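# Commentary on secondary and tertiary structure
Single-letter residue listing:
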Amino acid sequence: MPQAHRTPVLIIGAGPAGYTAAIYAARAGLQPILVAGLQPGGQLTITTDVENYPGFAEVIQGPWLMEQMAAQAEAMGTRAIHDIITEIDLSRRPFVAISDSAERFEADTIVIATGASARWLEIPSERVLRGAGVSACATCDGFFYRGKAVAVIGGGNTAVEEAIYLTRHASHVTLVHRRDSLRAERVMRERLFANPKISVIWDHEVDEILGGGTPAVVDGLRLQHVRTGEKRTLALDGVFVAIGHTPNTMIFEGQVEMDRDGYILTSGGNTATSVPGVFAAGDVQDRIYRQAVTAAASGCMAALDAEKFLSHAAREVAVAAY
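Since this is a predicted model, take the numbers as computed values, not measurements. (Residues numbered from 1 in each chain as written. Predicted model: local features only at pLDDT ≥ 70, side-chain atom pairs only at ≥ 80, totals over all residues. Heavy atoms only, no water.)

Counting residues in hydrophobic clusters, the biggest one holds 33 residues, and the most contacted among them are V9, I11, Y19, L34, Y53 and V111. Of all the secondary-structure elements, those providing two or more residues to this core are strand 1 (4-12), helix 1 (16-27), helix 2 (62-76) and helix 7 (292-321). Dropping the residues within four chain positions of it, L34 is found in contact with I11, G13, A14, G18, Y19, A22, T78, R79, A80 and I81. Among the nonpolar cores identified, the runner-up in size contains 21 residues, and F95, A97, F252 and V278 belong to it. (Core = buried A, V, L, I, M, F, W, Y, C linked by side-chain atoms within 4.5 Å. Buried < 20%, exposed > 50% of the residue type's maximum accessible area, 1.4 Å probe, protein only. Helix = DSSP H or I, 4+ residues; strand = E, 2+ residues; numbered from the N terminus. Contact = heavy atoms within 4.5 Å.)

This is how it looks when you write it as structure tokens:
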């Protein structure tokens, strides 16, 4: 039987932003409920080595870090529910959210921390071969390409990290980028260029992923030069797409202000959205930094902003009553 839940703070999403918001809200005595969503732990659950999170001199593992955050949030008093919010009404307070299992959540404030999902090339051959040689997660699927040749598509930090990670398994990794320089951080670029198992193809886009059969497999990649249009073919066993992410904001469309790419807009200096009492934190509103530490920081801000909002609302009620 589906249940109804009532909370001062409902946190939607369980990455660094969501868990940090939960920790701070719980410490403030707000008895938060966190609905974990489709991928509890967020993108760090598919990240292996993490070496830039403050407080750890040695390399740590992404899944372990998220397990620690989850445990800390629950130890502080957060009620974590493993479900997915599928409907939400932000037109009035208390806000109402409905989950995939028909649970009903009423909340005085909401922290949106739903993160972002991998972006795909959206070409027909990719859709056909997705899961059959085409992947967006090297740490998930890299093991299956031990001793094989693979390609990574992209030029940012994610693409470079994926390429470097795949050298643990693949015989060779080809990074394909549509520009003539990488957007990745300098230290990551240096590691990539120094790795003898990685080569880079500049100024090319994917024309088609080659493969098929029963069962379907990838056997190559056809590329096209962005200026000349000249095409070339690579023999490959796998393709990893790492061209960025799309914010998970579909259920909030038309209810909070977003930019043209679907990122939730927040006020300068805080996490408030266009709807009073609704706050956004992490990759769902950050299209620039996209780091675990910045997501955690904005989660902290969102909880503090929610606490301030609730305190102000309570004072208004008290004044009205007086």
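Having seen it, we continue.
Bridging between strand 1 and strand 8 (residues 104-112) involves eight bridges; their strand directions are parallel. Directly across from H5, in strand 8, lies its bridge partner F105. Across three bridges, the pairing between strand 1 and strand 2 (residues 33-35) is parallel. Residue pairing across strands places L10 opposite I33, the latter belonging to strand 2. For the segment spanning strand 1, helix 1 and strand 2, crossover handedness is right-handed. (Pairing = 2+ DSSP bridges. Right-handed = clockwise from strand over helix to strand, strands pointing away.)

Right, let's talk about the sheet that holds strand 14 (residues 204-212) for a bit. The three strands are arranged 14-15-16 in an open sheet whose pairing can be described as antiparallel. The open sheet terminates on both sides in strands that have one partner only, identified here as strand 14 and strand 16 (231-235). Mean inter-strand twist for the sheet, computed between neighbouring axes without regard to direction, equals 25°. (Axes fitted to C-alpha atoms, helices over the stretch in contact; angles between N-to-C directions.)

Another aspect to go through is the pairing of strand 15 (residues 217-225). Examined bridge by bridge, strand 14 and strand 15 share eight bridges and lie antiparallel to one another. Within strand 15, the position partnered with E205 by the bridge is Q224. Hairpin connection from strand 14 to strand 15: four residues lie between these consecutive antiparallel strands, with G213 at a positive phi of about 90°. Here strand 15 runs beside strand 16; their pairing, made up of five bridges, is antiparallel. Each bridged residue has a counterpart across the sheet, and for L221 the counterpart in strand 16 is L234.

Taken N-terminus to C-terminus, the directions of helix 5 (residues 157-166) and helix 6 (residues 186-194) make an angle of 35°; their axes are 10 Å apart at the nearest point. Seen from above, helix 5 lies across helix 6 with left-handed handedness. Between helix 5 and helix 6, the residues in contact are N157, V160, E161, A163 and I164 and M188, R191 and L192, respectively. Class assignment for the residues of the contact of helix 5 with helix 6 results in five nonpolar, one polar and two charged. (Left-handed = near helix turned anticlockwise from the far one by under 90°. Nonpolar A, V, L, I, M, F, W, Y, C, P; charged D, E, K, R; others polar.)

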